[in-house]
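An overview of the molecular structure
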Amino acid sequence: MEVVERRVEVPVPATPTRRDWPPLLDELARQVDDGRIYDRDLLNLSKALGDVLEAFRRRPSVRSGSFDDQRRARARRQARRGSIT
């Protein structure tokens, strides 16, 4: 018997970056709407989304209202460019 050592690479999914989250969450919403997320998984999903929302609300920019100011400024810029759909 001969023991052979060889390297095996296993792909590991990359951790999403800040730019990855909006499209990922959009896709999640589509899958929930389309019924592609099982009802049995909705309770765990609800818990996870609640945790995300709580973390979001703890951010100082959200609590101070500057987040709303940023959103209004972005909407004004988009309206000037005519890019609101």
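Model, not experiment: these values are computed from the prediction.

Our next topic: a positive patch on the surface. Positive charge collects at one region of the surface, where R74, R76, R77, R80 and R81 lie side by side. Among the secondary structure elements, R77 is positioned in helix α4 (residues 66–81). Relative accessible area serves as the criterion here: at 37%, R77 is assigned to the partly exposed category.

Low pLDDT marks regions whose predicted coordinates should not be analysed in detail. Put simply, the chain has an average pLDDT of 90, and 96% of its residues get 70 or more. The element-level mean pLDDT for the chain is lowest in helix α3 (residues 60–64), coming to 84, with helix α1 (residues 21–33) highest at 96.

Moving on, we get to the environment of K47. With respect to the element layout, K47 can be found in helix α2 (residues 39–58). Along the chain, K47 and A14 lie 33 residues apart, while their C-alpha atoms are 23 Å from each other.

Glancing now at a nonpolar patch on the surface. A cluster of nonpolar side chains, contributed by W21, L24, L25 and L49, occupies part of the molecular surface with about 370 Å² of accessible area. Examining the composition of the nonpolar patch, we find that 3 residues originate from one element, α1, more than from any other. Locating W21 in the fold gives a position in helix α1.

The next thing to look at is the packing of aromatic side chains. The geometry of two aromatic rings is summed up by the distance between their centres and the angle between their planes. Applying the stated criterion to the full structure yields 0 aromatic pairs. Here the guanidinium or amino end of R40 rests over the ring plane of Y38, the centre of that ring lying 4.1 Å away.

Okay, α1 next. The end-to-end C-alpha distance of α1 is 18 Å, a good match for the 18 Å that 13 residues give at a rise of 1.5 Å each. Following α1 by one or two positions, G35 has its phi on the positive side, about 80°.

Here we come to α4. For α4, built from 16 residues, the straight-helix expectation of 22 Å at 1.5 Å per residue is met to within 8% by its first-to-last C-alpha distance of 23 Å. Phi turns positive one or two residues past the end of α4, at G82, with a value near 75°.

Quantified by volume, the largest pocket comes out at close to 300 Å³. The wall of the largest pocket is formed by R18, W21, P22, L25, L49, V52 and F56. Elements with a minimum of two residues in the lining of the largest pocket: α1 and α2. For the lining of the largest pocket, the per-class residue count stands at 6 nonpolar, no polar and 1 charged. In terms of lining, the second largest pocket is formed by F56, F67, Q70, R71 and R74. The leading source of residues in the lining of the second largest pocket is α4, at 4 residues.

About the criteria used
Residues numbered from 1 in each chain as written. Predicted model: local features only at pLDDT ≥ 70, side-chain atom pairs only at ≥ 80, totals over all residues. Heavy atoms only, no water. Patch = residues over 30% accessible without salt bridge, like charges linked within 9 Å, V, L, I, M, F, W, Y side chains within 5 Å. Areas by Shrake-Rupley, 256 points an atom, 1.4 Å probe, with all protein chains shown as cover. Salt bridge = Lys/Arg side-chain N within 4 Å of Asp/Glu carboxyl O. Lys, Arg positive; Asp, Glu negative; His and termini not counted. Charge placed at Lys NZ, Arg CZ, Asp CG, Glu CD. Helix = DSSP H or I, 4+ residues; strand = E, 2+ residues; numbered from the N terminus. Buried < 20%, exposed > 50% of the residue type's maximum accessible area, 1.4 Å probe, protein only. pLDDT = per-residue confidence, 0-100. Phe/Tyr/Trp six-rings, centres within 6.5 Å; stacked < 30°, edge-to-face > 60°. Lys NZ or Arg CZ within 6 Å of the ring centre and 35° of its normal. Expected span 1.5 Å × (residues − 1). 1 Å grid on protein atoms, 1.4 Å probe; cavity = no way out; pocket = protein on both sides within 12 Å on 5 of 7 lines; lining within 4 Å. Points joined across faces, edges and corners; volume = space filled by probe spheres on them. Nonpolar A, V, L, I, M, F, W, Y, C, P; charged D, E, K, R; others polar.

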